[in-house]
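If you want the building blocks of each chain, they are given just below.
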Amino acid sequence: MTLAPIKTPVVAKKMFPNYIWDIPVTDKSIYLTFDDGPTPEITQWVLNLLKKYNAKATFFCIGENIEKHPDIFQNIIENGHSIGNHTQNHIKGWKTKSRDYLKNIADCESEFKTHITNPKSSFIKLFRPPYGQITPKQGKKLIAKGYKIIMWDVLSFDWDKSVNNETCLKNVISKAKEGSIIVFHDSIKASKNMQYALPKVLEYFTEKGYELKAIS
């Protein structure tokens with residue numbers, strides 16, 4: 001069982017003000033994000049569901065998964081969603097030398113540029129550290145390279161085997177509000193909880209007049 005909070009505490013956001021934890025908005029907007037793809041079948045399932053609700057999201061992709069599944073990566077882009085860098089191999093920043101960490105992120109960026117075939121697609125430098133682990137030095141260097149470091153306001157805990165699907169749903173419904181950045185995963189590990197909760201999350205917030213947007 002992870003000890004991370006469902007809702008990111010205000011004190012954490014203030015400690016790291018250069019990272020993006022939520023989006024300041026004046027309307028009813030929420031930002032869904034999906035980590036660790038592209039994943040066969042699961043990512044496409046998410047894309048089909050988002051399309052049904054006319055919802056946009058941000059997908060933080062692992063470079064080696066883009067290399068294995070470039071067609072799914074293309075589908076994300078063609079459906080009008082944002083894409084973000086999630087390292088080449090899903091490594092932990094706290095356990096990796098900054099030079100190696102930055103190289104791993106650069107390798108993922110190269111996969112992006114290799115597989116973005118539409119010349120009209122703009123590459124936005126968004127980055128989310130796997131496990132939320134990034135050192136101040138790594139963060140500072142990434143920001144200097146033009147990256148926006150996207151953290152989160154609400155964790156669904158879809159990946160946690162000790163969390164059942166109803167709790168996963170409740171985590172999002174009870175904690176998300178205008179401007180919240182919400183974390184789901186388009187991965188095999190998280191699929192059971194995610195595929196239960198996501199349709200209900202989309203239905204709930206759509207009925208309440210929210211717009212589901214991609215981070216830009």
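Quick caveat, the model's predicted, so the values are computed rather than measured. (Residues numbered from 1 in each chain as written. Predicted model: local features only at pLDDT ≥ 70, side-chain atom pairs only at ≥ 80, totals over all residues. Heavy atoms only, no water.)

## What about the overall build of the protein chain?
And step 1. A tally of regular secondary structure across the protein chain gives eight helices and eight strands.
And step 2. For 216 residues, the compact-globule estimate of 2.2 N^0.38 gives 17 Å, and the C-alpha radius of gyration of the protein chain, at 16 Å, lies within 12% of that figure.
And step 3. Overall size of the protein chain, expressed as C-alpha extent along the three principal axes, is 45 × 40 × 35 Å.
And step 4. Expressed as a percentage of its 216 residues, the buried residues of the protein chain come to 52%.
And step 5. Counting contacts in the protein chain only where the partners sit at least 6 residues apart, residues at least 24 apart contribute 76% of the total.
And step 6. A total accessible area of about 10700 Å² is found for the protein chain, and carbon and sulfur atoms account for 53% of it.
And step 7. Of the charged side chains in the protein chain, 31 are positive and 22 negative, and the gap between their average positions amounts to 7 Å. (Helix = DSSP H or I, 4+ residues; strand = E, 2+ residues; numbered from the N terminus. Rg over C-alpha atoms; globule rule 2.2 N^0.38 Å. Buried < 20%, exposed > 50% of the residue type's maximum accessible area, 1.4 Å probe, protein only. Contact = heavy atoms within 4.5 Å. Areas by Shrake-Rupley, 256 points an atom, 1.4 Å probe, with all protein chains shown as cover. Lys, Arg positive; Asp, Glu negative; His and termini not counted. Charge placed at Lys NZ, Arg CZ, Asp CG, Glu CD.)

## Looking at a positive patch on the surface
And step 1. Together, Lys 137, Lys 140, Lys 141 and Lys 145 line one region of the surface with positive charge.
And step 2. Within the secondary structure layout, Lys 137 lies in helix 6 (residues 136–144).
And step 3. Since its relative accessible area comes to 52%, Lys 137 is described here as exposed. (Patch = residues over 30% accessible without salt bridge, like charges linked within 9 Å, V, L, I, M, F, W, Y side chains within 5 Å. Salt bridge = Lys/Arg side-chain N within 4 Å of Asp/Glu carboxyl O.)

## Considering the layout of surface pockets
And step 1. One number sums up the size of the largest pocket: a volume of about 470 Å³.
And step 2. The computed volume of the second largest pocket comes to approximately 280 Å³.
And step 3. Taken together, 15 residues make up the lining of the second largest pocket; nearest its centre are Trp 21, Trp 94, Gly 132, Met 151 and Trp 152.
And step 4. Grouping the amino acids of the lining of the second largest pocket by side-chain chemistry returns 13 nonpolar, two polar and no charged. (1 Å grid on protein atoms, 1.4 Å probe; cavity = no way out; pocket = protein on both sides within 12 Å on 5 of 7 lines; lining within 4 Å. Points joined across faces, edges and corners; volume = space filled by probe spheres on them. Nonpolar A, V, L, I, M, F, W, Y, C, P; charged D, E, K, R; others polar.)

## Some words on the pattern of salt bridges
And step 1. If you walk through the whole model with that rule in mind, you get nine salt bridges.
And step 2. When the shortest N-O distance is used, the salt bridge between Lys 213 and Asp 27 registers 3.2 Å. Of the two residues, Lys 213 sits in the segment after strand 8 (211–212) while Asp 27 sits in the loop between helix 1 (10–15) and strand 1 (29–35), which places them 186 residues apart along the sequence.
And step 3. With relative accessibility at 34%, the residue Asp 27 sits in the partly exposed group.
And step 4. Note that Glu 109 and Lys 125 form a salt bridge whose closest N and O atoms lie 3.8 Å from each other. With Glu 109 in helix 5 (residues 98–115) and Lys 125 in the loop between helix 5 and strand 4 (126–127), this residue pair connects regions lying 16 residues apart in the sequence.
And step 5. Judged by its relative accessible area of 12%, Glu 109 falls in the buried class.
And step 6. Salt bridges sharing partners connect three or more residues here, namely Lys 7, Lys 13, Asp 22 and Asp 153.

## Some points on the nonpolar core
And step 1. Judged by nonpolar contacts, the single largest core of 52 residues is most densely connected at Leu 32, Phe 34, Leu 50, Phe 59, Phe 184 and Leu 198.
And step 2. Counting residues per element, this core draws most heavily on helix 8 (residues 191–207), which supplies six residues.
And step 3. Residue contacts for Leu 198: discarding those within four places in its chain leaves Leu 32, Phe 34, Trp 45, Val 46, Leu 49 and Phe 184.
And step 4. With seven residues, the next largest nonpolar core counts Leu 126, Ile 150, Ile 181 and Ile 215 among its residues. (Core = buried A, V, L, I, M, F, W, Y, C linked by side-chain atoms within 4.5 Å.)

## Remarks on the packing of helix 7 (residues 165–175) against helix 8
And step 1. Here helix 7 crosses helix 8 at 35°, and the two axes come no closer than 9 Å. As for the relative orientation of helix 7 and helix 8, their crossing is right-handed in sense. For the pair formed by helix 7 and helix 8, the contact residues are Asn 165, Glu 166, Cys 168, Leu 169, Val 172 and Ile 173 on the first element and Asn 193, Tyr 196, Ala 197, Lys 200, Val 201, Tyr 204 and Phe 205 on the second.
And step 2. In the contact of helix 7 with helix 8, the residues fall into nine nonpolar, two polar and two charged. (Axes fitted to C-alpha atoms, helices over the stretch in contact; angles between N-to-C directions. Left-handed = near helix turned anticlockwise from the far one by under 90°.)

## A closer look at the packing of helix 2 (residues 42–52) against helix 8
And step 1. At a closest axis distance of 11 Å, the pairing of helix 2 and helix 8 adopts a crossing angle of 5°. With respect to helix 8, the axis of helix 2 lies roughly parallel. Together, Ile 42, Trp 45, Val 46, Leu 49 and Leu 50 of helix 2 and Ser 191, Met 194, Gln 195, Leu 198, Pro 199 and Leu 202 of helix 8 make up the contact between the two elements.
And step 2. Of the residues contributing to the contact of helix 2 with helix 8, the split by class is nine nonpolar, two polar and no charged. (Parallel < 35°, antiparallel > 145°, perpendicular 65-115°, else oblique.)

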